[in-house]
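Secondary and tertiary structure notes
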Amino acid sequence: MLLFKDFIQIDKDADTAIYLQVVNALIQQIRRGQLRSGSKLPGSRELAEALSIHRKTIVAAYDELMAQGWIEMIPRKGTFVVQDLPEIKPKKLKQPEPVLPYPSQTIFTIQENRLGSFPVAVIPDPKALVINDGFPDTRLVPTESLLRELRSVGRQTAFRQYHMYGNPEGTDYLRETLANFLRETRGLPISAANAMITRGAQMGIYLTAQLLLKPGDQVVVGESSYFAATLICQQTGAQINRVPVDEYGIDVDSVEQLCKKKRIRLLYVIPHHHHPTTVTLPPERRIRLLELAATYKFAIIEDDYDYDFHYTSNPIQPMTSLDHHGSVIYIGTLSKTLVPAIRVGFIVAPENFIQAVANLRMAIDRQGDSMMEIAIAELYQNGTISRHIRKVVNLYRERRDHFCALMTDQLGDRVSFKIPDGGMAVWTKFTDSDLRQVSAKAATKGLIMSDGQRYNTGSINYNAARLGFASLNLAEQDRAIEIMASCF
Ligand SMILES: Cc1ncc(COP(=O)(O)O)c(C=O)c1O
């Protein structure tokens, strides 16, 4: 027993679990030949006492060693190092084989340009100062609560069913929870059958476009609009028609004129808050869009990606809450409510659409991440998500005001912007400098910010960018605007 006590050194402060420390020490001894095939190991109680740890820890260690094939339990005799150890002895090659380089190109052609290309996300150094496109502050996420829920989904027998294959629509528990939440907070008169869980809003837009569009179909988007949604529609071969966007959002008269000229199949709109310009579509325009959709029988994608973040008044209820004809596909996400890395979003639509879109999803994604979905449902149920929203809305309002005041004081006429009612970014036009140059110069001074290129459409150069204020605290904003001011 002394021997075991000597070579199994337990460090209670180490990151490695204690039972794994026991496992690793025993494997090392077996590998070194100190513990030979057939050697008897002490009983779990005996070893636990010698190491001053709990017996269950030794049982867990022995279970792990047995699962890995190092030891075996012989009833009424004890635990032994196995006869056939699981190590793979390296075979000697007679002659070293020539190592051929891995090909850098495929032998067959791929039409890279056929699908257009999405802007590549720049992943900056975590310590860098970044003005992003309007993303949440990941430091504020209730990570501990999420991990606690995930751990309990992993451990509790009641949740075992979610470790297996499930439905492409998502787990019923989250669908029901979300339907209740959207009914109570956004006035959507829906049930679980109207909700499908996706991996973010992007998947919702993609599946909807794939389901509805074929080459030559007519799609309406704003000028300018969310570039990824436009690209997704273009990928189907549909034709994009752009209508102006003013300070109240998409221009409905222009939509009507288009409807009179062309057979519109789909309209993509972000009523709350428009991307990239952040403006909010007023109720009258929403109602007129719904009337047009009913008259001309086109579908509307209502992308409500940041509904929770409205600062001046209560958010306007989604168009979906007033849709009595079945025109609107409502798309939402937790990417802004929590963090983008939790790929949970949703589609709300009439039941026939949900069934068809779930069937389509099966082709590319058998189902979502059920364990994460259950953990998220629990966070809705126990109020964590609502509390988090209340907390960050107050904080982001303060950050928005500080950021806008800084821009007014320090950048003056060099930029023009309107304080956004909601969202996480300020749509900022650079009036007398080329934004690409400002952005390049800022990078040399340690500030990463957009050069505005991704918002440009066709021949229009807006020389503008969404400047995300939510992810920077007040001191970081001070530094960022100071650097920006020195770059003109
Ligand atoms: C307008 C808009 N819609 C959809 C998305 C995609 O969100 P998700 O992360 O849920 O896919 C974004 C992402 O920023 C967005 O800005």
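Residues numbered from 1 in each chain as written. Predicted model: local features only at pLDDT ≥ 70, side-chain atom pairs only at ≥ 80, totals over all residues. Heavy atoms only, no water.

**Structural notes on the sheet that holds strand 6 (residues 218-223)**
To be explicit about the condition: Two strands qualify as a pair provided that DSSP identifies no fewer than 2 bridges between them. Numbered from the N terminus, helices here are DSSP runs of H or I no shorter than four residues, and strands are runs of E no shorter than two. Contacts are residue-level and defined by heavy atoms, with any inter-residue pair within 4.5 Å sufficient. Geometry is summarised by axes, namely lines fitted to C-alpha atoms with helices restricted to the contacting stretch, and by angles between N-to-C directions that run from 0 to 180 degrees.
On the basis of which strands lie adjacent, the open sheet formed by eight strands has the order 5-12-11-10-9-6-7-8 and mixed pairing. Strands with a single pairing partner mark the edges of an open sheet, and in this sheet they are strand 5 (195-198) and strand 8 (249-250). Here strand 5 runs beside strand 12 (residues 345-348); their pairing, made up of four bridges, is antiparallel. Bridge pairing links Ala-195 to Val-348 in strand 12. Of the strands in this sheet, strand 6, strand 7 (239-246) and strand 9 (264-269) are in contact with helix 8 (residues 227-235), which crosses strand 7 at around 160°.

**Let's talk about the site of the ligand**
In plain terms, the rule: We define proximity as follows: a residue is near a molecule or strand when any one of its heavy atoms falls within 4 Å of that partner. The definition of a polar contact used here is a pair of N or O atoms within 3.5 Å, where within protein one atom must be able to donate a hydrogen and the other to accept one, and adjacent residues in sequence count solely through side-chain atom pairs. Each accessible area is a Shrake-Rupley estimate made with a 1.4 Å probe; only the visible protein chains count as cover when residues are assessed. Polar here means any residue outside two lists: the nonpolar Ala, Val, Leu, Ile, Met, Phe, Trp, Tyr, Cys and Pro, and the charged Asp, Glu, Lys and Arg; Gly therefore counts as polar.
Gly-200, Ala-201, Gln-202, Tyr-226, Tyr-268, His-275, Asp-303, Tyr-305, Thr-333, Ser-335, Lys-336 and Arg-343 make up every residue found near the ligand. For the ligand, an oxygen atom lies 2.6 Å from a polar atom in the side chain of Thr-333. One nitrogen or oxygen atom from the side chain of Arg-343 is found 2.8 Å from an oxygen atom belonging to the ligand. Protein contact buries 92% of the 400 Å² of open area that the ligand shows by itself. Examining the composition of the shell around the ligand, we find that three residues originate from one element, helix 7 (residues 200-212), more than from any other. Taken together, the residues of the shell around the ligand break down into four nonpolar, five polar and three charged.

**Here we look at the packing of aromatic side chains**
Inclusion rule: Aromatic rings from Phe, Tyr and Trp, taking only the six-membered ring of Trp, are treated as a pair when their centres fall within 6.5 Å; an angle between ring planes under 30 degrees marks them as stacked, one over 60 as edge-to-face, and anything in between as tilted. When accessible area is computed with a 1.4 Å probe and restricted to protein chains, residues below 20% of their type maximum are described as buried, those above 50% as exposed, and intermediate ones as partly exposed.
Using the criterion set out here, one finds 10 aromatic pairs in the structure. Here Phe-159 and Tyr-162 contribute two aromatic rings whose centre-to-centre distance is 6.3 Å and whose plane-to-plane angle is 45°, an arrangement assigned as tilted. The residues Phe-159 and Tyr-162 share a single accessibility class, namely buried. With centroids separated by 4.7 Å and ring planes inclined at 55°, the aromatic side chains of Phe-181 and Tyr-380 adopt a geometry described as tilted. On the criterion of sequence distance, the pair formed by Phe-181 in helix 6 (residues 172-186) and Tyr-380 in helix 12 (residues 370-381) is long-range, its members being 199 residues apart. Across the pair, Tyr-380 and Phe-181 agree in class, each one buried. Taken together, the ring pairs in this structure connect Trp-427, Tyr-455 and Tyr-462 into an aromatic cluster.

**Some remarks on the pattern of salt bridges**
Heads up, the condition is: Should a side-chain nitrogen of Lys or Arg be within 4 Å of a carboxyl oxygen of Asp or Glu, the pair is scored as a salt bridge.
Within this structure, the stated rule accounts for 17 salt bridges. Where Glu-476 meets Arg-139, a salt bridge forms, and the shortest distance between an N and an O atom there is 2.9 Å. Pair noted here: Glu-476 is in helix 15 (residues 474-485) and Arg-139 is in the loop between strand 4 (129-131) and helix 5 (143-155), with a separation of 337 residues, a long-range link. A salt bridge links Glu-223 to Arg-242; its shortest N-O distance comes to 3.9 Å. Taken together, the residues Glu-223 in strand 6 and Arg-242 in strand 7 connect sequence positions 19 residues apart. Taking relative accessible area as the criterion, Arg-242 reaches 34% and is therefore assigned partly exposed.

**Let's talk about the nonpolar core**
This is how it is decided: Nonpolar cores were defined as sets of buried Ala, Val, Leu, Ile, Met, Phe, Trp, Tyr and Cys residues, with membership established by side-chain atoms within 4.5 Å.
In terms of nonpolar packing, the biggest core is built from 67 residues, with Ile-131, Ile-376, Tyr-396, Leu-447, Met-449, Leu-467 and Met-484 touching the most fellow members. Considering every element that reaches this core, the biggest residue donor is helix 13 (residues 384-411), with 10 residues. Not counting residues up to four positions away in its chain, the partners in contact with Tyr-396 are Pro-136, Asp-137, Leu-140, Phe-309, Tyr-311, Met-424, Phe-469 and Ala-470. Membership of the second largest hydrophobic core comes to 28 residues, among which are Ile-205, Leu-207, Ile-232 and Ala-238.

**Description of empty space enclosed by the protein**
Here is the rule: The way it works is a 1 Å grid over only the protein atoms, where trapped points that fit a 1.4 Å probe form a cavity and open points with protein on both sides within 12 Å along at least five of seven lines form a pocket, and then any residue with an atom within 4 Å of a point lines it. Grid points are joined across faces, edges and corners, and a volume is the space filled by probe spheres set on the points.
Applying the stated criterion across every chain, the model contains one cavity of 30 Å³ or more. Computed from the structure, the largest cavity encloses a volume of approximately 50 Å³. Around the largest cavity, the lining residues are Phe-181, Arg-186, Asp-308, Thr-333, Leu-334, Thr-337, Phe-346, Tyr-380 and Ile-389.

**Structural notes on the UniProt feature "domain: HTH gntR-type" (unreviewed entry) in the protein**
This is how the line gets drawn: UniProt positions are given in the numbering used here, feature names are shortened, and annotations may be inferred rather than shown by experiment.
When the UniProt feature table is mapped to this numbering, "domain: HTH gntR-type" (unreviewed entry) covers residues 16-84. Annotation note: span residues 16-84, helix share 52%, strand share 14%, distance between end C-alpha atoms 28 Å.

**As for the side chain of Thr-384**
Along the polypeptide, Thr-384 turns up in helix 13. Not counting chain neighbours up to four residues away, the residues in contact with Thr-384 comprise Pro-142, Ser-145 and Leu-379.

**So, the sheet that holds strand 2 (residues 71-74)**
Overall, antiparallel pairing links the three strands, which are arranged 1-3-2 in an open sheet. The sheet is open, and its two edges are formed by strand 1 (40-41) and strand 2, each paired on a single side. Note: strand 1 against strand 3 (residues 78-81), two bridges, orientation antiparallel. Its bridge partner lying in strand 3, Lys-40 is registered against Phe-80. Sheet strands touched by helix 4 (residues 55-67): strand 1, strand 2 and strand 3. Its angle to strand 2, the strand with the most contacts, is close to 110°.

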